[in-house]
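Residue-level structural notes
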Amino acid sequence: MNNKKVCGMLVAFAVLAAFNATAGAQQSSSGQGVKQDAKAVGHGVGNGARDVGHATRHVAVKVGHGAKEAGVGIGHGAKKAGIAVGHGARDGWNATRHAVKHVFHKDD
């Protein structure tokens, strides 16, 4: 339930309770029944709101953990790619240096 529905229900119950309190002012036993009913409804609304809050937190934690794991995977992949590029560049440099020395007879 969203906030608009909960607020609407609370207003409706408050109006109902006020109407019943004025209509049943002559009968004290019916006033107690309305009071107990309103209290039970209030507890029900509170329990429902708490359950929605817990579910929302659970979903947010799952999404956050998934994003963290994806970020770590991407970061590790980028690190491995960077190392591979660095090694390839170093191997290319060594091959070029060896070829130049070989062409100019610097191996002796």
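So, here is what we can say about the structure in this document.

So, how was this worked out
- Residues numbered from 1 in each chain as written.
- Predicted model: local features only at pLDDT ≥ 70, side-chain atom pairs only at ≥ 80, totals over all residues.
- Heavy atoms only, no water.
- Helix = DSSP H or I, 4+ residues; strand = E, 2+ residues; numbered from the N terminus.
- Buried < 20%, exposed > 50% of the residue type's maximum accessible area, 1.4 Å probe, protein only.
- Areas by Shrake-Rupley, 256 points an atom, 1.4 Å probe, with all protein chains shown as cover.
- Patch = residues over 30% accessible without salt bridge, like charges linked within 9 Å, V, L, I, M, F, W, Y side chains within 5 Å.
- Salt bridge = Lys/Arg side-chain N within 4 Å of Asp/Glu carboxyl O.

Comments concerning the overall build of the chain
Of the regular secondary structure elements, the chain holds 2 helices and 0 strands. The burial tally for the chain puts 3% of its 108 residues in the buried class. Total accessible area computed for the chain in this model is approximately 8,900 Å², and 64% of it derives from carbon and sulfur atoms.

Some details on a nonpolar patch on the surface
A grouping of Val 100, Val 103 and Phe 104 is seen on the molecular surface, where their side chains present a nonpolar patch of about 300 Å² in accessible area. With respect to the helices and strands, the residue Val 100 is situated in helix α2 (residues 28-103).

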